[in-house]
Amino acid sequence: MKKLYEASSTAVGGRKGHVSSEDKKIDLELSTPKGLGGDGGKGTNPEQLFGSAYAACFGGALQLVAEREKVKLDGDVSVTANIEIGMTKEDNLQLKATLDCYIPGVDVKTGEDLVNKAHEVCPYSRATRDNITVTLNLLLDE
């Protein structure tokens, strides 16, 4: 792999700790959600951070694919990542992701094509492929 960029972040104290990036652009308290036995404090959690990162990355992949396919977008693409954490039958923790994608100004066929192609090129989709369930949804104007 030819490196294009590298980021470094450190978490101290696990789910009840603190996370920061080397450049301090991320500098956040962490709290364990009540659903995982925590106090649901003011801090963020790994699932929110992962969802934010996956949504941003997938949105970028949608824009890249639209550009490659010469599809004109009528505004900003938006992706909402819903991240679930649960327990498997083997008592292992497991993630599940649902990506709700809105691509303004495209018809259903074009939108579905862009979403599926973005799922092939997005590095988060590639990293999670065959490891977690990822559901892709195309949101439409009413």
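Further up the page is the structure itself.
First things first, this report covers the structure right here in the doc. (Residues numbered from 1 in each chain as written. Predicted model: local features only at pLDDT ≥ 70, side-chain atom pairs only at ≥ 80, totals over all residues. Heavy atoms only, no water.)

1. Remarks on the packing of aromatic side chains
Here the distance between the centres and the angle between the planes together describe a pair of aromatic rings.
Line of reasoning, step 1. Going through the model one piece at a time under the given rule, you end up with 4 aromatic pairs.
Line of reasoning, step 2. When the centroid spacing of 5.6 Å and the interplanar angle of 55° are considered together, the rings of Phe-50 and Tyr-54 count as tilted. Pair noted here: Phe-50 and Tyr-54 are both in helix α1 (residues 46-68), with a separation of 4 residues, about one helical turn.
Line of reasoning, step 3. Ring centres of Tyr-54 and Phe-58 lie 6.4 Å apart, and the angle between their planes is 70°; on these two criteria the pair is classed as edge-to-face. With Tyr-54 and Phe-58 both in helix α1, this residue pair falls 4 residues apart, about one helical turn. Each of the two residues, Tyr-54 as well as Phe-58, counts as buried.
Line of reasoning, step 4. Grouping aromatic residues by their ring pairs yields a cluster made of Phe-50, Tyr-54, Phe-58 and Tyr-124. (Phe/Tyr/Trp six-rings, centres within 6.5 Å; stacked < 30°, edge-to-face > 60°. Helix = DSSP H or I, 4+ residues; strand = E, 2+ residues; numbered from the N terminus. Buried < 20%, exposed > 50% of the residue type's maximum accessible area, 1.4 Å probe, protein only.)

2. A short note on the state of the cysteines
Line of reasoning, step 1. Following the criterion strictly, the structure yields 0 disulfides and no others.
Line of reasoning, step 2. Cys-122 forms no disulfide, and the closest cysteine sulfur to it belongs to Cys-57, at a distance of 3.7 Å.
Line of reasoning, step 3. On the basis of relative accessible area, Cys-122 is assigned to the buried category, the value being 0%. (Disulfide = S-S within 2.5 Å.)

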